[in-house]
Amino acid sequence: MSATTTKTTCPYCGVGCGVKVTVPSSQSEPVPPVSGDIDHPANFGRLCVKGSSLASTLKSDDRLLTPIVDGKQVSWDSALDSVSEKISQVVKDHGPDAFAFYLSGQILTEDYYVANKLAKGFIGTANVDTNSRLCMASAVVGYKRAFGSDTVPCNYEDLELCDLLIMIGSNAAWTHPILFQRIVEAKKQRPNMKVVVIDPRETATCDIADLHLAITPGTDAAVFSYLLQRSAAENILDTDFITEHTNGFQGTLDKALEVTPDLSSAAEFCGVSEESLEQLARLWLATDKSISFYSQGVNQSSSGVDKCNAIINCHLATGRIGKEGAGPFSITGQPNAMGGREVGGLANQLAAHMDFATPGAQKLVQRFWQAPNMATENGLKAVDMFQAVEEGKIKVIWIMSTNPMVSLPDTAQVRRALEKCELVIVSDCKAHTDTTAMGDVLLPATGWSEKDGTVTNSERRISRQRGLLPAPGEAQHDWWAICEVAKRLGYQSAFSYRSVNEIFVEHAALSAFENNGKRDFDIGHFSQMSKEEYDALVPVQWPVPKGRPEGTKRMFEDGRFFTPDKKAKFIPITPQLPINKASSEWPFTFNTGRVRDQWHTMTRTGDSALLTKHTDQPYVEIHPKDAKMLGIGDKSLVRLISSVGEALLKAKISQGVAPGNVFSPIHWTQQFANSAVVSNLIPQVFDPLSGQPESKHAQVKVEAV
Ligand code: SF4
């Protein structure tokens, strides 16, 4: 047998790059380095260092190879029996809301679909949430408020076609490297293209910026309030678009005039010079081909949704949407944060982009699933879910492919919750993570290169992740484990999928069910798909309704939105500062983010020596003036203390953070050192609309050790 080369998708960030993997004919030979897929429209053959190092992460000494119950290896049958018996018992004794799934933007759309179907249609609870809540939930609500649907209007090509790119709360150079490379290339080709970075920190992304606005943390919305009122003052509003395609403009403009009446007040609120804000305004006024590109710096905020709508308001007012090189573009962090939300993988969603509040949707989904126990209202979002676990309301939680003991805010609370929970089920590839350490039942899961299914990237592009290598030990696909539990709960026929393509086809059929092609998310074209067609699926952007197999490159080109009257909605915004304010007790503002070569809690990237070389220790960036004042030297140990916890990190003296601010990457786990987990410091403060935690902002004190 000769070596085979297969196209698949990178498992890391939301860019969703196509990857080519050659599997040698003999299992004893190592998989050679992977290459970029030249035909994939996300990356056209490029890969960043994380993507190109994927082959070095395929062999791990720490794979979870067998099911484990209470510390003992057991058979799959025995583990699945334990899980289903306990779920049955708690649902009988305490009702369906005593059960919860906590899922992940790393799992595939098909895994999400069956978890959502089991919980919301058959067990009868909407307690299905995901670590995507930590990533893009505010962007989802922002889009819904404005457009009536969670719909990303733009595509990656628009980033190359725009004349002005405003990057807000994003260090794309490190977090979305291939998109950043495309932007760098576009700017080289068209030197008149301008890039503005709005970020309290000076990051690697600023290397290509014509202008960097180092705003006071949390003041993003005021920048866009000012741009809105300035657009009106300078007569660049698209009045035809506002009249024909929107509602609520005047009230929104009045609010912008009230909160940012002039350049001086806006600049003062944002902590930037009048000159730099004026420079941004002039760039904004000079072209209508502008993209606002925003990410976690906007979303991870107690007013993240408002920030998103402040950005969207500016695009609606100037008609900069549904056109080449224009639009408000939220970039997702994870490989499948978008795919999860397509199938209802958030607690406030139902399925197929329908919410519990969507008129008629609950009955429609019930009819489609033939569901015996439909949930009727929103479930608990991530932070609330773990609080309900601690309060004893949720008694069984099934955590899949994520490490909340490191990633959720206030990890001490997460520990208390999991210690109290009657049954913690953890599905993971790895045997030893901070969260598997808390599991009563561990289920060995297949990982990237073994799993088969689909993911959706930040530009709505559905791509295949393909299984290339055999599953090690007794590892099984997540969708299979969920279906086996469902069957044991008595739902055989609804969960009798023979292979993953049957799940995708059902999901496509639900998206188009009784909707006459009228729903915002419709991939009805795939509802009759054969296994061969699924295996050969090429990347395509949704919607893909019947009769439009090529998908949809750009949304809202006809100016029609998904609200009942088809008009987009302006949202009046009053910019809010973060909930926790600096005080004499907590004088430093603590910000979090990523390093270039690590991913999440390092369960995969930590296996690559090359990736670990870039940054091998957790650290805290501190401004030289603050370091001097506190007697802190470069690389010396410092203690950070917040109202909920502590961290002990090495100082990195840097001009990149402003005085009074400190920054740490998020990746290190308790396995490295309990004191290295920076989520220890983040209180459970979140946006009341999206439930997204304010992970970019905590108040701390800093001490030399
Ligand atoms: Fe993977 Fe993101 Fe790098 Fe592309 S940019 S190779 S998706 S990590």
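Residues numbered from 1 in each chain as written. Predicted model: local features only at pLDDT ≥ 70, side-chain atom pairs only at ≥ 80, totals over all residues.

### Some details on the overall build of the protein chain
Helices and strands together make up the secondary structure of the protein chain, namely 24 helices and 28 strands. Computed over C-alpha atoms, the radius of gyration of the protein chain comes to 24 Å, within 12% of the 27 Å expected from 2.2 N^0.38 for 705 residues, which places it in the range of a compact globule. Considered along the principal axes of its C-alpha atoms, the protein chain spans approximately 70 × 65 × 55 Å. A buried classification covers 60% of the 705 residues belonging to the protein chain. Sequence separation of at least 24 residues holds for 74% of the intrachain contacts in the protein chain that already meet a minimum separation of 6. (Helix = DSSP H or I, 4+ residues; strand = E, 2+ residues; numbered from the N terminus. Rg over C-alpha atoms; globule rule 2.2 N^0.38 Å. Buried ≥ 20, exposed ≤ 12 C-beta atoms within 10 Å, placed from the backbone. Contact = placed C-beta atoms within 7 Å.)

### Observations regarding unusual backbone geometry
For the peptide bond that leads from Trp-542 to Pro-543, omega is 0°, which places it in the cis range. When you line up the elements, Pro-543 lands in the loop between β21 (540-541) and β22 (568-569). For Arg-460, which is not a glycine, the phi torsion comes out positive at approximately 70°. The topology assignment puts Arg-460 in the loop between β19 (453-456) and β20 (461-465). Positive phi, close to 65°, is recorded for Met-602, a residue that is not glycine. One can find Met-602 in the loop between β23 (588-593) and α23 (609-614).

### Quick word on the sheet that holds strand β6 (residues 99-103)
Hydrogen bonds between backbone groups are what pair the strands of a sheet, and the pairing can be parallel or antiparallel. Read from one edge of the open sheet, seven strands run β5-β4-β18-β17-β16-β6-β7, paired in mixed fashion. Of all strands in the sheet, those bounded by a partner on one side alone are β5 (72-73) and β7 (128-130). By the bridge criterion, two bridges tie strand β4 (residues 68-69) to β5 in an arrangement that is antiparallel. In the strand pairing of β5, Val-69 is matched with Lys-72. The sheet contacts of helix α2 (residues 76-94) involve β4, β6, β16 (396-400), β17 (423-428) and β18 (441-444), and relative to β18 the element is tilted by about 130°. (Pairing = 2+ DSSP bridges. Axes fitted to C-alpha atoms, helices over the stretch in contact; angles between N-to-C directions.)

### Focus: the UniProt feature "domain: 4Fe-4S Mo/W bis-MGD-type" (unreviewed entry) in the protein chain
With numbering matched to this structure, UniProt assigns "domain: 4Fe-4S Mo/W bis-MGD-type" (unreviewed entry) to residues 3-62. Helix makes up 7% of residues 3-62 and strand 23%. Its end C-alpha atoms lie 27 Å apart. (UniProt positions renumbered as here; feature names shortened; annotations may be inferred.)

### What to know about the site of the ligand
Taken together, 14 residues form the shell around the ligand, and within it Cys-10, Cys-13, Cys-17, Cys-48 and Gly-51 come nearest. The set of elements that each furnish at least two residues to the shell around the ligand consists of α1 (49-52) and α7 (177-189). Of the residues contributing to the shell around the ligand, the split by class is nine nonpolar, four polar and one charged. Lining the shell around the ligand are residues from two domains, each supplying at least three of them: domain 1 (4-57) and domain 3 (137-331). (Near = placed C-beta within 6 Å. Nonpolar A, V, L, I, M, F, W, Y, C, P; charged D, E, K, R; others polar. Domains from an automatic or database assignment.)

### Brief notes about the pairing of strand β25 (residues 637-641)
A one-sided burial pattern is seen for β25, the buried positions being Val-638 and Leu-640 and the unburied ones Leu-637, Arg-639 and Ile-641. Where β25 folds back on strand β26 (residues 646-653), the antiparallel hairpin that results is connected by four residues. Bridge analysis of β25 against strand β28 (residues 698-704) gives four bridges, and the strand direction is antiparallel. Bridge pairing in β28 places Val-638 opposite Ala-704.

### Description of the packing of helix α17 (residues 382-390) against helix α19 (residues 411-420)
Each pair of packed helices can be described by the angle between their axes along with the distance between the axes. One can describe the packing of α17 onto α19 by two numbers: an axis separation of 7 Å at closest approach and a directional angle of 50°. Of the possible angle classes, the one that applies to α17 and α19 is oblique. The crossing of α17 and α19 is left-handed. Residues Phe-386, Val-389 and Glu-390 of α17 touch α19, and the partners they reach there are Gln-413, Val-414, Arg-416, Ala-417, Leu-418 and Lys-420. (Parallel < 35°, antiparallel > 145°, perpendicular 65-115°, else oblique. Left-handed = near helix turned anticlockwise from the far one by under 90°.)

### Overview of the packing of helix α8 (residues 220-233) against helix α11 (residues 263-270)
Put simply, α8 and α11 touch, their axes get as near as 9 Å, and they point 165° apart. As far as their axial angle goes, α11 and α8 are roughly antiparallel. Between α8 and α11 lies a crossing whose hand is left-handed. Contacts from Ala-222, Val-223 and Tyr-226 of α8 reach α11 at Ala-266, Phe-269 and Cys-270.

### Quick notes on the domain arrangement of the protein chain
Under the domain assignment, the protein chain is made up of domain 1 (4-57), domain 2 (68-134 + 336-541), domain 3 (137-331) and domain 4 (588-704). Placing the centre of domain 1 and that of domain 4 at their C-alpha centroids yields a distance of 31 Å. Taken together, the contacts link six residues of domain 1 with eight residues of domain 4. Residue classes in the side of domain 1 that touches domain 4 are distributed as two nonpolar, three polar and one charged.

### What about the sheet that holds strand β1 (residues 4-9)?
Reading across the sheet, the three strands line up as β1-β2-β3 and stay open at both edges, with antiparallel pairing between neighbours. Each edge of the open sheet carries a strand with a single partner, namely β1 and β3 (35-36).

### A short note on the environment of Phe-44
You can see Phe-44 is positioned in the loop between β3 and α1. For the pair Phe-44 and Glu-110, spaced 66 residues apart in sequence, the C-alpha to C-alpha distance is 26 Å.

### Some words on the pairing of β18
What you see with β18 is no split at all: Val-441 and Leu-443 on one side and Leu-442 and Pro-444 on the other are buried throughout. The pairing of β4 with β18 spans two bridges and is classified as antiparallel. In the strand pairing of β18, Ile-68 is matched with Leu-442. Pairing between β17 and β18: four bridges, direction parallel. Counterpart to Val-426 in the pairing with β18 is Leu-442.

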